[in-house]
Amino acid sequence: MTEMVYGTVPVQSGDPVLPRWWRTIDKWTMSCILLLFGIGLLLGLASSPPLAAKNGLEPFHYVTRQAIFGGMAMTVMCIVSMMSPTLVRRLAVLGFLCAFVALAFLPVFGTDFGKGATRWYSLGFASVQPSEFLKPGFVVMAAWLLAASQQLGGPPGKVYSFVLTMVIVLMLAMQPDFGQAALILFAWGVMYFVAGAPMLLLIVLAGFVIFGGAVAYANSEHFARRIDGFLSPDLDPNTQLGYATNAIREGGFFGVGVGEGQVKWSLPDAHTDFIIAVAAEEYGLICVLVIIALYAVIVVRSLLRLMKERDVFIRLAGTGLVCIFGVQAMINMGVAVRLLPAKGMTLPFVSYGGSSLIAGGIAVGMLLAFTRNRPQGAMEDILLRRANR
Amino acid sequence: MSRAPLRPLARILKARERGENPDAIEAENRARRHEAMADKQRQRAEGRLLVLGLAFFCAFGLIGMRMSALASSVPEEPRASAVGNPIIGQRSDIVDRNGRILATNLQTHSLYAHPRDMIDPAHAAKELAAIFPELDEAELLKDFEGDRRFLWIRRQISPEQMQAVHDIGSPGLLFGPREMRLYPNGPIAAHILGGASYGREGVASAEVIGVAGVERKFDGFLRDPANEGAPLQLSLDLTVQAAAEQVLAGGMSIMNAKGAASVLMDIHTGEIISMVSLPDFDPNNRPRVQATGDQSDSPLFNRAVQGVYELGSVFKIFTVAQAMELALVNPNTMIDTQGPLTWGRFRIRDFHDYGPELSTTDVIVESSNIGTARIAMQIGAERQRAFLDSLGFLEATPLEMVEAPTGKPLLPRNWSEISTMTISYGHGLSSSPVHLAAGYASLLNGGTRVEPTLLRRETVEQGPRVVSEAVSARSRSMLRQVVTRGTASFGEVPGYEVGGKTGTADKPRAAGGGYYDDKVISTFASVFPANDPQYVLIVTLDEPSENSGDEPRRTAGWTAVPIAAEMIRRTAPLLGLRPQVDTPQQVGVTLTSN
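Everything in this summary refers to the structure shown in the same document. Treat the numbers as computed from the prediction; the structure is a model and nothing was measured. (Residues numbered from 1 in each chain as written. Chains lettered and ligands numbered in written order. Predicted model: local features only at pLDDT ≥ 70, side-chain atom pairs only at ≥ 80, totals over all residues.)

1. Brief notes about the overall build of chain B
Secondary structure assignment for chain B yields 17 helices and 18 strands. Scored against the burial criterion, the 594 residues of chain B give a buried share of 43%. For chain B, the share of sequence-separated contacts (at least 6 apart) that also reach a separation of at least 24 residues comes to 69%. (Helix = DSSP H or I, 4+ residues; strand = E, 2+ residues; numbered from the N terminus. Buried ≥ 20, exposed ≤ 12 C-beta atoms within 10 Å, placed from the backbone. Contact = placed C-beta atoms within 7 Å.)

This is how it looks when you write it as structure tokens:
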């Protein structure tokens, strides 16, 4: 019997989009992200006026921009998180190809804004950093390849993804942008780890890293000085790290008070790389612990949800996305407290920066899409499906 | 990838037997197998994800703990520390042979500004201009209100100025500790010490580097922390140096000279006890190098080391000594002094006509150019050159100053016979007063070569022999006679047996060749005491003119000699030389009692 009859309603495959989204989304993670973004805006109010004053702009210029970009990022995040994993995969792979091409053409069309590394495309009103957009796309692409290799008779995806990683790492290292290169490498490593890297290989790799570090320490004076500076217990208070450490100490448990902080006047990167120091000084340890807890909740909770995931691709892609996110936050804060050697890295959703905000929105949107509740073949899922039928 | 045959083949074989298509069964088998594999991988992934989650949890926990530890510690006042690449400020002292300070360091402060921290820039600029008259209030204000974050105001300030600036009370005016090189004796030994200035500068300290003289030559030693502040000891004697400078300055003004130099050297070791070059300067406030004009007239120019002059008749003793060493003459050999001596288109004349012949001793005593030239002809160019080389006249002195290599002697391009004759009486070869001092010391100390040095030498091994002891003694006796009955009669200093030779050389014209008629370099090269030689003293005046008589007198006997005599009179007691006084016959004292 045909259904092409006047007045019939189209067949709906399940619930309407929004209610289903709301029912299946990981609300805790999403709330944490929204909270982080809110804290970022709050800290922007504290940290960016000195920069605005220096550039002759009205005091809250950067906060306004951050709010606009943040609104866009949140919207993008919600839209992406509503998509099905298959659609996410398709769009992400397309996006990855675009970003890859953009990255490849950076040496030709990019600008370095006088900072010595060609990382940006200038669009006039804003600048775009392709490597930020490349990261989520790369994770999906690599996860797809790794997942494909686990199919019976599938392609050798591990080798393909490794080659792809190396090409991108090389391109990033040539800019040079070792931070992003390390992140890409790390993301692939984590995904490969979860995809079932042989234990022996991991041990050999760890040994290789230790050996390489020792060789670099013995042979490169630059590298050795940085490590020595990191290891030495006393710190020159006139360096960025010195100011940051002192700011954290000044702040104590409850902070020196809103707008009373001094470190933002001394640090050129107070609104990006050292925003945690501003937070610690003005709002105290309480605020910092809240921020750390938010990141920890997002990362650990997402990982726990992915543990239950049956689909290999979703598991790997989600792992890659959440680990990049977590490690970026970890490095940023680790540097500020001198647990890690100095390396510029933004704090996701908190630091100022349009590119990183929107790219972060996309990445977290994907993560939320991947961690949505979906049938995992458990008994209750099957019963639920029967009940719905 | 090789495809392993699916194991449960039984069903497929049965299906084939039944003539059914086995594909569906094969697909089902494959799906089952795939599912089993996925389950296994999932279990493994579950474990690894748990590990990852734990790792992240621990990392975030660690950061949180570290944050708590930092937040609960007490903040430190920011303080300059020497992490990384510190500037080493400590510079060793320079002392004289008796340990008296020639150069040391003084703790001062530099003044710099952080305009952003200023509350009232206009007031600060006004007050600063009042404290430092050389600063311009309007310019300061412009700097303070501009967008500079940091500017130096003064590199070093005195304690009074520091207090005054402190009293302005502006938080944007800051002081940094700064070591300053201090020469407590002012211009004394200025040319030898040279001077110092700042190298790399920081707020916390600045590097002091030598710019000239021994400060530059021994920069590495003076800045080497391994010395642990051990001073650099020079051969100079501060009191002798001061006396020599005073005497030379006085003499220079009496003799209307435009410059003067003196070198006092230990005849056995070559240590330079005092070395003066006038005009001089204050190394605490070293003048800038002149951009134009003759550098050799600059106060920075060290006439004793860098200045090479035709020194004139003082060279005659080298010619005569060599001839005696070669046994060509003895002090009583009669030399033909009939003038003028014509050689090609050159004519050699004497100051006076000394008649047909003079003894060798009198050639020196009367200073006969013709006689000396005739002796030189017997020696010949080769041997003369070799002899002067053995005395060090052909190369720059090895003195421990950066300027020493620039005092390179000027030699004739072609050491011809006429050059041999003119060089025999000190023309046609230019050398510095230090060269001359070393030459005299080598010749007169018993005949062994000495190298001039500015460093204290406790012991010295004998250098290669230049002339025999006998020739050395005979030379000293001739020089002594120059003072007792010759051209240097003003050089007599009772008790010190001065011997010496005068030299008055016309100055070469600056341009166009030939010599000036009225500009001379007058030199007195002396040794004392002549019977037991201890020191060599060279005094050189540039363009002297003694105007007490009817017409100006410029010969060394009237100009350089009296100054040298005064210098010996002043410095010999300081050097610890006892005057050799002929004790008169002891008059018998008769105790009388009436």
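That was the structure; now back to the text.
2. Thoughts on the overall build of chain A
A tally of regular secondary structure across chain A gives 17 helices and 2 strands. Looking at the 389 residues of chain A, the share that counts as buried comes to 44%. Considering only intrachain contacts with a sequence separation of at least 6, the fraction spanning at least 24 residues in chain A is 69%.

3. Considerations on helix 5 (residues 85-104) of chain A
All names here are of chain A. The end-to-end C-alpha distance of helix 5 is 28 Å, a good match for the 28 Å that 20 residues give at a rise of 1.5 Å each. For helix 5, every residue scored as buried is listed here: Pro85, Val88, Arg89, Ala92, Phe96, Ala99, Phe100 and Leu103. Down the axis, helix 5 shows its buried residues gathered within 105 degrees of arc, on one side only. Seen from the open side of helix 5, the exposed residues pointing more than 90 degrees away from its buried face are Thr86, Leu87, Leu94, Leu97 and Val101. Looking at the buried side of helix 5, the elements it contacts are helix 4 (61-82), helix 6 (106-109), helix 7 (130-149), helix 8 (157-174), helix 15 (312-336) and helix 16 (354-370). (Expected span 1.5 Å × (residues − 1). Arc of directions from axis to C-beta.)

4. Thoughts on the interface of chain A and chain B
At the interface, 43 residues of chain A touch 36 residues of chain B. Where the side of chain A that touches chain B is concerned, the elements lending two or more residues are helix 9 (178-194), helix 12 (240-251), helix 14 (275-307) and helix 15 of chain A. It is helix 14 of chain A that contributes the most residues to the side of chain A that touches chain B, 13 residues altogether.

5. Some remarks on the nonpolar core
Counting residues in each nonpolar core, the largest one holds 118 residues, and the members touching the most others are Met265, Ala437, Val536, Ala564 and Ile568 of chain B. Both domains that meet at this core, namely domain 2 (94-233) and domain 3 (239-287 + 295-496 + 556-574) of chain B, each give it at least three residues. Ala564 of chain B has contacts with Gly491, Phe524, Ser526, Leu537 and Val539 of chain B, leaving out every residue within four places of it along the chain. Judged by nonpolar contacts, the second largest core, of 116 residues, contains Ala247, Ala336 and Met345 of chain A together with Phe60 of chain B. (Core = buried A, V, L, I, M, F, W, Y, C linked by C-beta atoms within 7 Å. Domains from an automatic or database assignment.)

6. Things to note about the packing of helix 7 of chain A against helix 16 of chain A
Residue and element names in this part refer to chain A. Two elements in contact, helix 7 and helix 16, have axes whose closest approach is 8 Å; the angle formed by their N-to-C orientations is 20 degrees. Regarding the angle of helix 7 to helix 16, the classification is roughly parallel. Seen along the crossing, helix 7 lies across helix 16 with a hand that is right-handed. Contact with helix 7, carried on its side by Glu132, Phe133, Lys135, Pro136 and Val140, involves Ser355, Ser356, Ala359, Ile362, Ala363 and Met366 of helix 16 and no other residues of that element. Its residues placed into classes, the contact of helix 7 with helix 16 shows 7 nonpolar, 2 polar and 2 charged. (Axes fitted to C-alpha atoms, helices over the stretch in contact; angles between N-to-C directions. Parallel < 35°, antiparallel > 145°, perpendicular 65-115°, else oblique. Left-handed = near helix turned anticlockwise from the far one by under 90°. Nonpolar A, V, L, I, M, F, W, Y, C, P; charged D, E, K, R; others polar.)

7. Regarding the environment of His109 of chain B
Residues and elements named next belong to chain B. Turning to its location among the elements, His109 is positioned in strand 2 (residues 101-113). C-beta crowding within 10 Å serves as the criterion here: with 21 such atoms nearby, His109 is assigned to the buried category. For the pair His109 and Arg155, spaced 46 residues apart in sequence, the C-alpha separation works out to 7.7 Å. Excluding residues within four positions of it along the chain, His109 makes contact with Ile157, Met162, Phe175, Gly176, Pro177 and Arg178.

8. Some thoughts on the sheet that holds strand 17 (residues 515-528) of chain B
Residue and element names in this part refer to chain B. Taken in spatial order, the 5 strands of this open sheet run 9-8-18-17-16, and their pairing is antiparallel. Of all strands in the sheet, those bounded by a partner on one side alone are strand 9 (272-278) and strand 16 (499-508). When strand polarity is set aside, the average angle formed by the axes of neighbouring strands in this sheet is 10 degrees. Where strand 8 (residues 259-266) meets strand 9, 6 bridges bridge the pair, whose relative direction is antiparallel. Of the residues in strand 9, the one forming a bridge with Met265 is Ile272. Packing of helix 9 (residues 238-254) onto the sheet brings it into contact with strand 8, strand 9 and strand 18 (535-542), and relative to strand 9 it is tilted by some 30 degrees. (Pairing = 2+ DSSP bridges.)

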